Amino acid sequence: MGKSTWRPEMMADLTGKTILVTGANSGIGLEAVKLFAGKGAEVIMACRNVDKAKAAAEAVKAMVPDARLVIMALDLADLASVKAFAEAVKQRFSRLDVLLNNAGLMAPPLQRTRDGFEMQFGTNHLGHFALTGQLVELLETASDPRIVQISSLAHRGGKLMWGNLNAEKSYSRWPFYCQSKLANLIFARDLQRRLQASGSKIRVMAAHPGYSATHLQDTVPGGGLFNKIMAQSAQMGCLPGVMAATSDAVEAGGYYGPDGKVMELRGYPAPAFARKITDNQAVAQRLWEESERLTGVHYLNE
């Protein structure tokens, strides 16, 4: 882990680019939208709650009066919604330059998605897996297409609970959050390998926000107190993902996070630590097959 050499002021002009951000109405997603819009990109704000998205868009326009924002409804906890959203995007746009898979939830009590998946695995991983697979062809039409998957420091404590991926047998909120974030990082690296092998020009990166103060902590007892003591701002937390989405210096398959000395909790973006399991192709293959089976989404004409 080196010191960061990137700052948001270094972002290139994004005029003419179309960027899709999931979970764009709050937290690091909203902060990323502000930066993208400020550099001239057209930003698709993919949000479950359209009313909240409209309020967030007004906040962006207060800062960036000529912001080009498109609000579209997406519920990652509902595969039918994901499919309908992807179809709507493909009908409305001829090209997609960046897909920033940012939305997520953290450590709620046991809940299930509309399709019966454990909520964190189902939303954080399976929802994005299904969405990405249905937008690959649109990304292929761009000149420098990128997919950025937001993971977490929590991937370090994650374990894929084969046989209990969806809490069929037992549930504990934190192990399932860590599992979903480990799955995010394994997925990003595996997708990069698969796309590269297929001859695709799409680059896939992953990023994490360190410990950032967002609404993610709302479901966690004491989350607000920890935010005040330890967290950096959402404005800082969004930067690793924004750098991965826009910088010429990032590498396909790379993982980026804050450059702070203590556990990458805070700081400006730089290459981040990823566990060896995130490059284990046997594990990745098993996760891929399970994800295809559960979502019914198949990539790359498989």
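This text goes with the structure placed above it.
Calculation criteria
- Residues numbered from 1 in each chain as written.
- Predicted model: local features only at pLDDT ≥ 70, side-chain atom pairs only at ≥ 80, totals over all residues.
- Heavy atoms only, no water.
- Helix = DSSP H or I, 4+ residues; strand = E, 2+ residues; numbered from the N terminus.
- Areas by Shrake-Rupley, 256 points an atom, 1.4 Å probe, with all protein chains shown as cover.
- Lys, Arg positive; Asp, Glu negative; His and termini not counted.
- Charge placed at Lys NZ, Arg CZ, Asp CG, Glu CD.
- Expected span 1.5 Å × (residues − 1).
- Buried < 20%, exposed > 50% of the residue type's maximum accessible area, 1.4 Å probe, protein only.
- Salt bridge = Lys/Arg side-chain N within 4 Å of Asp/Glu carboxyl O.
- Pairing = 2+ DSSP bridges.
- Right-handed = clockwise from strand over helix to strand, strands pointing away.
- Core = buried A, V, L, I, M, F, W, Y, C linked by side-chain atoms within 4.5 Å.
- Contact = heavy atoms within 4.5 Å.
- Arc of directions from axis to C-beta.
- Polar contact = N/O pair within 3.5 Å; in protein donor to acceptor, adjacent residues only side chain to side chain.

### Structural notes on the overall build of the protein chain
Alright, step 1. Regarding its fold elements, the protein chain presents nine helices and eight strands.
Alright, step 2. The principal-axis extents of the C-alpha atoms in the protein chain amount to approximately 50 × 45 × 40 Å.
Alright, step 3. Summed over all atoms, the accessible surface of the protein chain reaches about 12700 Å², with 52% contributed by carbon and sulfur.
Alright, step 4. Distance between charge centroids for the protein chain: 5 Å, based on 34 positive and 28 negative side chains.

### Re helix H5 (residues 173-197)
In an α-helix, one full turn covers 3.6 residues, which means residues spaced three or four apart are oriented alike.
Alright, step 1. Here H5 contains 25 residues, and its C-alpha end-to-end distance of 36 Å stays within 8% of the 36 Å for a straight helix at 1.5 Å per residue.
Alright, step 2. Burial of H5 is extensive: 19 of the 25 residues sit out of reach of the surface.
Alright, step 3. Two residues or fewer after H5 comes Gly-199, characterised by a positive phi angle close to 90°.

### Thoughts on the pattern of salt bridges
Where side chains of opposite charge bring their charged atoms close, a pairing between them can arise.
Alright, step 1. On inspection of all chains with the given rule, the structure shows 17 salt bridges.
Alright, step 2. For Arg-95, the salt bridge goes to Asp-97, with nearest N and O atoms at 3.0 Å.
Alright, step 3. Assessed through its relative accessible area of 25%, Arg-95 is described here as partly exposed.
Alright, step 4. With relative accessibility at 2%, the residue Asp-97 sits in the buried group.

### Describing the pairing of strand S1 (residues 18-22)
Alright, step 1. Within S1, five of the five residues are buried, which leaves it mostly tucked inside the rest of the structure.
Alright, step 2. What you see with S1 is no split at all: Thr-18, Leu-20 and Thr-22 on one side and Ile-19 and Val-21 on the other are buried throughout.
Alright, step 3. Across five bridges, the pairing between S1 and strand S2 (residues 42-47) is parallel. Bridge pairing links Thr-18 to Glu-42 in S2.
Alright, step 4. For the crossover that starts at S1, traverses helix H1 (residues 27-38) and ends in the parallel S2, the hand is right-handed.

### Quick word on the pairing of strand S4 (residues 98-101)
Residues in a regular strand point their side chains to alternate faces of the sheet.
Alright, step 1. Of the two faces of S4, the one lined by Val-98 and Leu-100 and the one lined by Leu-99 and Asn-101 are each fully buried.
Alright, step 2. Pairing of S1 with S4 involves three bridges; the strand directions are parallel. Paired with Leu-20 across the two strands is Leu-99, which belongs to S4.
Alright, step 3. In this structure, S4 lies alongside strand S5 (residues 146-150), joined through four bridges in parallel fashion. Residue pairing in the sheet places Leu-99 in a bridge with Ile-147 of S5.
Alright, step 4. Assessed by its sense of winding, the connection that carries the chain from S4 through helix H4 (residues 119-139) to S5 is right-handed.

### Focus on the nonpolar core
Alright, step 1. Judged by nonpolar contacts, the single largest core of 50 residues is most densely connected at Leu-20, Val-89 and Leu-135.
Alright, step 2. Not counting residues up to four positions away in its chain, the partners in contact with Leu-135 are Leu-20, Ala-86, Val-89, Lys-90, Leu-96 and Leu-99.
Alright, step 3. By size, the runner-up hydrophobic cluster in this structure holds 39 residues, among which are Ala-32, Phe-36, Ala-37 and Ile-150.

### Regarding helix H9 (residues 281-295)
Alright, step 1. Between its first and last C-alpha, H9 extends 21 Å over 15 residues, near the 21 Å set by a 1.5 Å rise per residue.
Alright, step 2. Val-283, Ala-284, Leu-287, Trp-288, Ser-291, Glu-292, Leu-294 and Thr-295 are the residues of H9 that are buried. Buried positions in H9, seen along its axis, are confined to an arc of 165° and lie on one side of it. Exposed positions of H9 whose direction lies more than 90 degrees from the buried face are Ala-282 and Arg-293.
Alright, step 3. In this structure, the buried residues of H9 make contact with helix H3 (79-92), H4 and H5.
Alright, step 4. A distance of 3.0 Å separates the backbone nitrogen of Ala-282 from a side-chain oxygen at the start of H9, and that oxygen is part of Asn-280.
Alright, step 5. Gly-296 occupies a position one or two residues after H9 and carries a positive phi of about 75°.

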